[in-house]
Amino acid sequence: MTLGKLVSPIAAFACIAGAMPGAASAEPKVPSNFTIQTTAQLGSPRELVALPDGDLLVGTSGSQVYIVPDAESSTPGMPAVFATLNDTFASGVAFSAKHKTIYIATNGAIWATKYVAGRRRAVGVHRIAQVRTGPISPHSDGDVHKTTSVAYSDSADILYISVGSSCNACGEVDPTRASILTLPGGKGQLHKIATRIRNAIATTISPSGALWAGGAGQDDLPFGHPYEFLDDVSSHTPVADYGWPECEENRVPYRPTSRGCNATVAPLAEMPAYSTIIGAVFYPLNVKGAYAFPQSYRGALFAAAHGSWHTDSKGYAAAPQVAVFGMSGDQPAIPVDWQNPNAQWKTFVGGFQQGMTRIGRPTGITVGIAGSLFVADDQAGVIYRVRPRK
């Protein structure tokens, strides 16, 4: 697959009407052969997961997880509370078809509840693991990340858990922070497979069953660095060392290090600094639904970038958007270019930003059972549904 065949030029993007009443009047822009519409409104939506019965689970920045009934239908149901957790930042959600189980990640714990088709209120939610069990770093600068992300690979039978750091740039004391952990079979003891990865909020499973994670880069380096990345974490021998905060990008020592950077990971896919990749999903290879994307998108990696708070003379340094990476099997179709973090991807959903004005910021992203792409937006408080134009 090549990116040239994957996405029409940004200039060809069209603003598509179809927002629900009360939604923002301005709409994001998608390629001209697609449509976008608002399908749900709720506060602070974060990660998304599509369930086999057509419902959509929505993690939030609060203590509740919501469900959008019949998200693929012409008239989706109103969002309702699916579960209320005894913790904050219930932003991470995942589903295992193998175990018929829904997993929820909060600030300090991972929770599980059995999935039953059509049941829209969680029953028997129980804690299966704890994270952030130790203190924040004594050298923390106050930039404490509070979200936890989860993804389940049914083929590997592993629950993957990503825990953000307690600072912008420091050495951690808590062994679960700035790490990616595994829980084989969704039970037992946690095992670390990646370390010194600052805040890998975006986690997703590839068609081959591998874990990919998107890292949010640190601040206070030369402007425009470090590039932010997505990488096949499970392809590395544990424990994979991503080098933060000393080493970034192609093993570049941005801060003094006694360990050097030669043994650190150089990720497979890059986006510009400050993109803040919060959600990611691979478009399935075999989608039979009525809204399946064209063949050129099958296996492609979609990344939801929240955008930056950093500014330059033109406004915000990185725009909110959904980017798409063409893939060739388990590798990006275009190899990483360490001189150009824009080389591997194109904008798929844009139009969120004009100068210092924004109409939204994407967060979670998933593919529904009929093939629609769902995108959460925590600034506008909505969930968008993207489909091919018929």
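Residues numbered from 1 in each chain as written. Predicted model: local features only at pLDDT ≥ 70, side-chain atom pairs only at ≥ 80, totals over all residues. Heavy atoms only, no water.

Participant: Any chance you could explain the sheet that holds strand S35 (residues 382–388) here in plain terms?
Facilitator: The strands making up a sheet are joined through hydrogen bonds of the backbone, oriented either antiparallel or parallel. With antiparallel pairing, the four strands of this open sheet are ordered in space as S3-S35-S34-S33. The open sheet has two edge strands, strand S3 (34–41) and strand S33 (362–367), and neither has a second partner. Direction aside, the axes of adjacent strands within the sheet are offset by 25° on average. Sheet topology note: the S33/strand S34 (residues 373–377) ladder contains four bridges and is antiparallel. The partner of Pro362 across the bridge, within S34, is Asp377. (Pairing = 2+ DSSP bridges. Helix = DSSP H or I, 4+ residues; strand = E, 2+ residues; numbered from the N terminus. Axes fitted to C-alpha atoms, helices over the stretch in contact; angles between N-to-C directions.)

Participant: When you look at the sheet that holds strand S4 (residues 45–50) in this model, what are you seeing that I'm missing?
Facilitator: Across the sheet, four strands lie side by side as S4-S5-S6-S7; this open sheet has antiparallel pairing. With partners counted over all chains shown, the strands left at the sheet margins are S4 and strand S7 (80–84), one partner each. Averaged over all neighbouring strand pairs, the angle between strand axes comes to 30°, with direction disregarded. Pairing of S4 with strand S5 (residues 56–60), which is carried by four bridges, proceeds in the antiparallel orientation. Its bridge partner lying in S5, Val49 is registered against Leu57.

Participant: I'm lost on unusual backbone geometry in this one. Help?
Facilitator: Peptide bonds are, in most cases, trans, and in most cases residues other than glycine have a negative phi. Cis rather than trans, the peptide bond between His225 and Pro226 has omega equal to 0°. One can find Pro226 in the loop between strand S17 (211–215) and strand S18 (228–232). Residue Pro245 is reached from Trp244 by a cis peptide bond, and omega for that bond is 0°. Mapped onto the elements of the fold, Pro245 is located in the loop between strand S19 (240–241) and strand S20 (247–248). One non-glycine residue, Ala178, adopts positive backbone phi at about 50°.

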